[in-house]
Amino acid sequence: MSMGTSVDWRDIKYKETFEAEVRGIQRRREADPSCTIADLEGVLQHLYHMDGADWGGRGEVQDITLAATIAAYEHTIAQWKALLITINPS
């Protein structure tokens with residue numbers, strides 16, 4: 001495999017984490033009908049806080065994992081809101 005076509009381990013870790021988080025959030029929504037956008041936004045706020053509180057130095061793997069988790073929540077929330085707009089346009 002040439003250097004130009006190799007996929008960096010960081011990209012692989014990010015993609016795997018993002019996809020796993022999106023699946024996990026979807027399972028939560030399916031299993032818990034009381035789960036709301038506000039619930040997910042609360043988790044996202046906590047993740048933002050964790051991201052900003054890196055006083056000890058998490059390390060690269062943890063940084064990638066947290067970034068992918070945040071992105072998964074942002075993505076899922078945006079999709080859910082877009083779906084609600086489609087279903088209930090104002």
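Residues numbered from 1 in each chain as written. Predicted model: local features only at pLDDT ≥ 70, side-chain atom pairs only at ≥ 80, totals over all residues. Heavy atoms only, no water.

## Structural notes on the overall build of the protein chain
And step 1. Regarding its fold elements, the protein chain presents three helices and zero strands.
And step 2. The N-to-C order of helical and strand elements in the protein chain reads α-α-α.
And step 3. Per-residue burial over the protein chain gives 20% buried out of 90 residues.
And step 4. Within the protein chain, counting contacts between residues at least 6 apart in sequence, those at least 24 apart form 73% of the total.
And step 5. By element, 58% of the accessible surface of the protein chain is carried by carbon and sulfur atoms, the whole surface being about 6300 Å². (Helix = DSSP H or I, 4+ residues; strand = E, 2+ residues; numbered from the N terminus. Buried < 20%, exposed > 50% of the residue type's maximum accessible area, 1.4 Å probe, protein only. Contact = heavy atoms within 4.5 Å. Areas by Shrake-Rupley, 256 points an atom, 1.4 Å probe, with all protein chains shown as cover.)

## A closer look at the side chain of Thr-17
And step 1. Mapped onto the fold, Thr-17 is located in helix α1 (residues 9-31).
And step 2. For Thr-17, a relative accessible area of 9% gives the class buried.
And step 3. Among the polar contacts listed, one links the side chain of Thr-17 to the backbone oxygen of Lys-13, at a separation of 2.8 Å. (Polar contact = N/O pair within 3.5 Å; in protein donor to acceptor, adjacent residues only side chain to side chain.)

## As for the packing of aromatic side chains
And step 1. Taken as a whole and assessed by the stated rule, the structure comprises zero aromatic pairs.
And step 2. The ring centre of Trp-80 lies 3.6 Å from the NZ or CZ of Arg-29, which sits over that ring. (Phe/Tyr/Trp six-rings, centres within 6.5 Å; stacked < 30°, edge-to-face > 60°. Lys NZ or Arg CZ within 6 Å of the ring centre and 35° of its normal.)

## With respect to the packing of helix α2 (residues 37-52) against helix α3 (residues 60-87)
Think of two packed helices as two axes; the pair is described by the angle between the axes and how far apart they sit.
And step 1. Interhelical geometry of α2 versus α3 gives an angle of 155° and a closest axis separation of 10 Å. Here α2 lies roughly antiparallel to α3, going by the angle between them. The handedness of the crossing between α2 and α3 comes out as left-handed. Contact with α2, carried on its side by Ile-37, Leu-40, Glu-41, Val-43, Leu-44, Leu-47, Tyr-48, Met-50 and Asp-51, involves Leu-66, Thr-69, Ile-70, Tyr-73, Glu-74, Thr-76, Ile-77, Trp-80, Lys-81 and Leu-84 of α3 and no other residues of that element.
And step 2. In terms of residue class, the contact of α2 with α3 is made up of 13 nonpolar, two polar and four charged. (Axes fitted to C-alpha atoms, helices over the stretch in contact; angles between N-to-C directions. Parallel < 35°, antiparallel > 145°, perpendicular 65-115°, else oblique. Left-handed = near helix turned anticlockwise from the far one by under 90°. Nonpolar A, V, L, I, M, F, W, Y, C, P; charged D, E, K, R; others polar.)

Geometric values such as these leave the question of function open.
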